[in-house]
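Structural overview for review
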Amino acid sequence: MEKMAFLVKIEPGEDGYFVASCPSLPGCFSQGDTFDEAIENITEAIEAYTECLAQEQTGDDLSVRLVNVPSGLVIA
């Protein structure tokens, strides 16, 4: 299976939770009690989201494709 990279955003939420989102996948959100749990949960959400996209595609549908684009962004 091909690996894809997605930028995720983790923010502190109410009640001590961590809220995770994937800006490139509209509506793809998750949360966790800890930072690591939020990462695990958003990873599962991204996997489910992209699986649904793949299932929705037909052989004639060329409008939806997932691509891995290199970024110059460096996170320190």
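What you see is a predicted model; the values in this text were computed from it and never measured.

**A short note on unusual backbone geometry**
Backbone phi values are negative for most residues with the exception of glycine, while trans is the configuration of most peptide bonds. The backbone phi angle of Asp 15 is positive, close to 65 degrees, even though this residue is not glycine. Position of Asp 15 among the secondary structure elements: in the loop between β1 (9–12) and β2 (18–21). Here Asp 15 falls in the exposed class, since its relative accessible area comes to 73%.

**Some words on helix α1 (residues 35–56)**
Given a rise of 1.5 Å per residue, 22 residues ought to cover 32 Å, and the 32 Å separating the end C-alpha atoms of α1 matches this to within 8%. Those residues of α1 not exposed but buried are Ala 38, Ile 42, Ala 45, Ile 46, Thr 50 and Leu 53. Burial along α1 is one-sided: seen end-on, the buried residues are contained in an arc of 130 degrees. The exposed residues of α1 that point more than 90 degrees off its buried face are Asp 36, Glu 40, Glu 44 and Gln 55. Turning to α1, the residues buried within the fold contact β1, β2 and β3 (29–32).

Parameters at a glance
- Residues numbered from 1 in each chain as written.
- Predicted model: local features only at pLDDT ≥ 70, side-chain atom pairs only at ≥ 80, totals over all residues.
- Heavy atoms only, no water.
- Helix = DSSP H or I, 4+ residues; strand = E, 2+ residues; numbered from the N terminus.
- Buried < 20%, exposed > 50% of the residue type's maximum accessible area, 1.4 Å probe, protein only.
- Expected span 1.5 Å × (residues − 1).
- Arc of directions from axis to C-beta.
- Contact = heavy atoms within 4.5 Å.

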